[in-house]
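Now for the letters of each chain:
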Amino acid sequence: MIEVVNLNKSFGKLHVLKDININIEKGEKVVVIGPSGSGKSTFLRCLNCMEDPTSGQIIFKGVDIADMKVDINVHRQKMGMVFQHFNLFNNKTVLENIMLAPVYVGNKNRKKTGKSKAQIKEEAKKTAMDLLKRIGLEDKANVYPSQLSGGQKQRVAIIRSMAMNPDVILFDEPTSALDPEMVGEVLALMKDLADSGMTMVVVTHEMGFAREVGTRVIFMDDGRIIEENNPKDFFENPQNPRLKEFLSKVL
């Protein structure tokens, strides 16, 4: 689904990503771990071109989205993103937050679909309410994000990305801004999503999640992929000395 070829990213003189090569298959749950400053979040942000790569290719479903001539927004619709700090719009209700992108895209494509604005809005509302029911928060549809707990905000952020029916969802440290007791409810939703077959790329510090849900775990350090393996071999039989050192500190 995603093929990354010789991806490099620099901010001025700071070379953050160095020749990243990786293929992500449909249905995979790729978990990216590594020390702070290793380039994990930059890698994720380059995958959907929130950061423009300095060089290299990101081929998503056959199209190089790192090519500046491509309309990135068309492809981004099929690549959901969940952020560390939720990024919900505080001046909109929970329901409006979830409906925003589907209504915007629906209205943009009205000529193609032949749907009225009312139809588009009604469909988006039904999808949003179905998703809220799925996470047990349908009673929060008309409240504002400021009235939610951190765990509730993040679960809403996850279903907001699902409302566009994406092919893949990218998670950038989705639990690191949460109180410890709220982490479980977010990880449970992510596990449900994984079980449903969603392709996922997850940057996280949650080693239990990496071990239990990941189909492949990647270790990044100093802007490079140092080691990758299935979770069992990755955690039980690490090869690289830097990975061994890292795991000895975090496990």
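Residues numbered from 1 in each chain as written. Predicted model: local features only at pLDDT ≥ 70, side-chain atom pairs only at ≥ 80, totals over all residues. Heavy atoms only, no water.

Considering the nonpolar core
For clarity, the threshold we go by: Nonpolar cores are built from buried Ala, Val, Leu, Ile, Met, Phe, Trp, Tyr and Cys residues. Side-chain atoms within 4.5 Å join them into one set. Each residue's exposure class comes from its accessible area (1.4 Å probe, protein chains only) as a fraction of the maximum for that residue type: buried when under 20%, exposed when over 50%, partly exposed otherwise. Here a strand is any run of E in DSSP of at least two residues, a helix any run of H or I of at least four, and the numbering for each starts at the N terminus. Note on contacts: a residue pair is in contact if any heavy atoms of the two residues lie within 4.5 Å.
In this structure, Ile33, Leu132, Ile158, Phe171, Met190 and Met200 are the most contacted members of the largest nonpolar core, which totals 50 residues. With eight residues, the single largest contributor to this core is helix H7 (residues 180–195). When near neighbours in sequence (up to four residues on either side) are disregarded, Ile158 contacts Val82, Phe171, Val186, Leu189, Met190 and Leu193. Residues Leu7, Ala66, Ile72 and Val168 belong to the second largest nonpolar core, which totals 29 residues.

Let's talk about the environment of Asn230
Our working rule: Distance and chemistry together define a polar contact, namely a pair of N or O atoms within 3.5 Å, with one atom able to donate a hydrogen and the other to accept it when in protein, and with adjacent residues in sequence counting only for side-chain atoms on both sides.
The topology assignment puts Asn230 in the loop between strand S10 (224–229) and helix H9 (231–236). Measuring from C-alpha to C-alpha, the distance between Asn230 and Phe89 comes to 37 Å, with 141 residues separating the pair along the chain. Engagement of the side chain of Asn230 in a polar contact is seen with the side chain of Asp233, the distance being 2.9 Å.

Let's talk about the pattern of salt bridges
The condition is simple: Each reported salt bridge corresponds to a side-chain nitrogen of Lys or Arg within 4 Å of a carboxyl oxygen of Asp or Glu.
On inspection of all chains with the given rule, the structure shows 13 salt bridges. Note that Lys115 is salt-bridged to Glu123, the shortest N-O span being 2.9 Å. For Glu123, a relative accessible area of 38% translates into the label partly exposed. With its nearest N and O atoms 2.9 Å apart, the salt bridge here joins Glu236 to Lys232. With Glu236 and Lys232 both in helix H9 and four residues apart, the pair spans about one turn of that helix. Lys232 matches Glu236 in its accessibility class, with the two residues each being exposed. Salt bridges sharing partners connect three or more residues here, namely Asp221, Arg242, Glu245 and Lys249.

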